[in-house]
Amino acid sequence: MSDIALTEGVTLNARQAAAERFRWGPLALCSACLFVEGYDAQFMGYVVPGIASDWHIAPGALGPALGAGLFGLMLGAFFVAPLADSFGRKRVVLWSVLTFGLLTIASVLVHSVPALAVMRLLTGLGLGGAMPNTIALTAEFSPASKRASAVTINFVTFSVGAAVGGLITAQLMPSHGWASVFWVCGGMAVALVPLLIFAMPESYRPEHGKIAIPIGDLFRDGRTQVTVLLWFLFFLNLMELYFLTSWLPTTITSEGISVQWAVIATSLLQFGGAAGALTLGPLVDRFGPRFIVGGAFASAAVGVVAIGLAGSSLGIILVASALCGVGTVGAQNCNNGVAAKFYPTQIRATGVGWALAVGRIGSIVGPVVGGILLQSAIPNRTLFFVAAVPPLCAALAYIAMGRQPGLRGTRG
């Protein structure tokens, strides 16, 4: 063998080895972004009782503010996140984090539901731009063979951020009021910006600098079926998840359980989701998502029915909330990983962003429909029986997806 051939072989092996290594520094920064995003995206459900009491309004009247934030998330995922495929991931993540951090802090200055709704709408634009690109960065800083599990596990920090947000709320609100929750969350995001500027590398440098959102590429080269089913899954699961995070504290307290325990029960959605993601992620990379994530969705339906039947039994509610977390939050983490693995690098931000954006339509529908049903005074048991339908449909959608190329595990 010539020296040139030997050198080329060594270089190739080095490149292959580098491709199979995690880049831990950038992944840690992605985790930090996801933690703060999880806190900001979820804490409104926790502070609803405090704001309603302070403003002397019914909790259901804050539905527009909850829906506006989720609408902003949808718009950000549709139109801000895909800009990274034209201008690079780092730039979009940096400006998005700065935007939602500053606007979260500024939200404490408003004193009406319409004004709060506007602030949450604008905050959602930043969240919607940051989240898909954080997922894309995680995928691109991870080995291809472990990409789905890397995104799934790293996205656990989003769930942890949401859960910790609930615990922080439970401690801050009684003594410092609901505004303190906004201050802490926004301050964390702003403090993260300098780290992103100096320590986050770029993963994908587009060859062009013009604005282009390659939506049509999501339906080319045999990607149509998976794209449509992913959109359907994201819609159903985020509708279910945001219904639970928005109204579970209210429905639990209506059974005579204290607000503090209701917040803790809702936080268990996130902790259960974190545990589920850590378990499900490696299984998806090994066996594919079809039956792994489909089974998780079915477990969510069981947990939702159990909450409806529990009444004032706190123990059952806590266990069922954790089970719901496995099948909603944990399954959504897997959905993110599946989308990031399925789409190629040049359209990854658009693919993940649009799947999340369609899901955000569901996340708007869930709280709004939940608020309407609560105001109609239907029994909690009936409400949760209806809420068990979306995860069952999502399970069937994964079964219908079949064994598509790009979604098979290492054993498949």
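Criteria and thresholds
Residues numbered from 1 in each chain as written. Predicted model: local features only at pLDDT ≥ 70, side-chain atom pairs only at ≥ 80, totals over all residues. Heavy atoms only, no water. Helix = DSSP H or I, 4+ residues; strand = E, 2+ residues; numbered from the N terminus. Expected span 1.5 Å × (residues − 1). Bend = angle between axes of the 7 residues up to and from the residue. Contact = heavy atoms within 4.5 Å. Phe/Tyr/Trp six-rings, centres within 6.5 Å; stacked < 30°, edge-to-face > 60°. Buried < 20%, exposed > 50% of the residue type's maximum accessible area, 1.4 Å probe, protein only. Disulfide = S-S within 2.5 Å. Salt bridge = Lys/Arg side-chain N within 4 Å of Asp/Glu carboxyl O. Axes fitted to C-alpha atoms, helices over the stretch in contact; angles between N-to-C directions. Parallel < 35°, antiparallel > 145°, perpendicular 65-115°, else oblique. Left-handed = near helix turned anticlockwise from the far one by under 90°. Nonpolar A, V, L, I, M, F, W, Y, C, P; charged D, E, K, R; others polar.

### Some points on helix α8 (residues 156-176)
Stage number 1. Over its 21 residues, α8 runs 29 Å from end to end, which matches the ideal 30 Å to within 8%, given 1.5 Å per residue.
Stage number 2. At threonine 169, α8 shows its largest bend, some 30 degrees.
Stage number 3. Looking at the buried positions of α8, the neighbouring elements they touch are α2 (24-55), α6 (113-140), α7 (147-154), α9 (179-199), α11 (259-287) and α13 (314-342).

### A few points about the packing of aromatic side chains
Stage number 1. According to the stated counting rule, one finds twelve aromatic pairs in the structure shown.
Stage number 2. Aromatic side chains phenylalanine 342 and tyrosine 343 sit 5.1 Å apart centroid to centroid with 75 degrees between the ring planes, which places their arrangement in the edge-to-face category. Across the pair, tyrosine 343 and phenylalanine 342 agree in class, each one buried.
Stage number 3. Members of the aromatic cluster, connected to one another through ring pairs, are Tyr39, Phe43, Trp55, Trp178 and Phe182.

### Thoughts on the state of the cysteines
Stage number 1. Per the stated rule, a full pass over the model turns up zero disulfides.
Stage number 2. Looking at cysteine 33, it has no disulfide partner, and the nearest cysteine sulfur is the one in cysteine 30, 6.5 Å off.
Stage number 3. Here cysteine 393 is not cross-linked by a disulfide; its sulfur's nearest cysteine counterpart is in cysteine 324, at 16 Å.

### Things to note about the pattern of salt bridges
Stage number 1. All told, the structure shown has six salt bridges when counted by the stated rule.
Stage number 2. A salt bridge links arginine 89 to glutamate 140, with the nearest nitrogen and oxygen atoms 2.8 Å apart. Linking arginine 89 in helix α5 (residues 89-106) with glutamate 140 in helix α6, this pair joins segments that are 51 residues apart in sequence. Assigned by exposure class, arginine 89 and glutamate 140 land together as buried.

### Looking at the environment of glycine 315
Stage number 1. Residue placement: glycine 315 occurs in helix α13.
Stage number 2. Take glycine 315: its relative accessible area is 44%, and that puts it in the partly exposed class.
Stage number 3. Sequence-wise, glycine 315 and alanine 265 are 50 residues apart; in three dimensions their C-alpha atoms are separated by 9.7 Å.

### Here's the deal with unusual backbone geometry
Stage number 1. Unlike most non-glycine residues, histidine 56 shows phi in positive territory, near 60 degrees.
Stage number 2. Mapped onto the elements of the fold, histidine 56 is located in the loop between α2 and α3 (63-80).
Stage number 3. Residue histidine 56 is classed as exposed on the basis of its relative accessible area of 74%.

### What about the environment of serine 86?
Stage number 1. Mapped onto the elements of the fold, serine 86 is located in helix α4 (residues 84-87).
Stage number 2. Along the chain, serine 86 and proline 214 lie 128 residues apart, while their C-alpha atoms are 9.6 Å from each other.

### With respect to the packing of α11 against α13
Stage number 1. Two numbers describe how α11 lies on α13: the axes approach to 5 Å, and their chain directions differ by 40 degrees. One way to sum up the angle between α11 and α13 is to call them oblique. Crossing of α11 over α13 shows right-handed handedness.
Stage number 2. In terms of residue class, the contact of α11 with α13 is made up of 17 nonpolar, nine polar and two charged.

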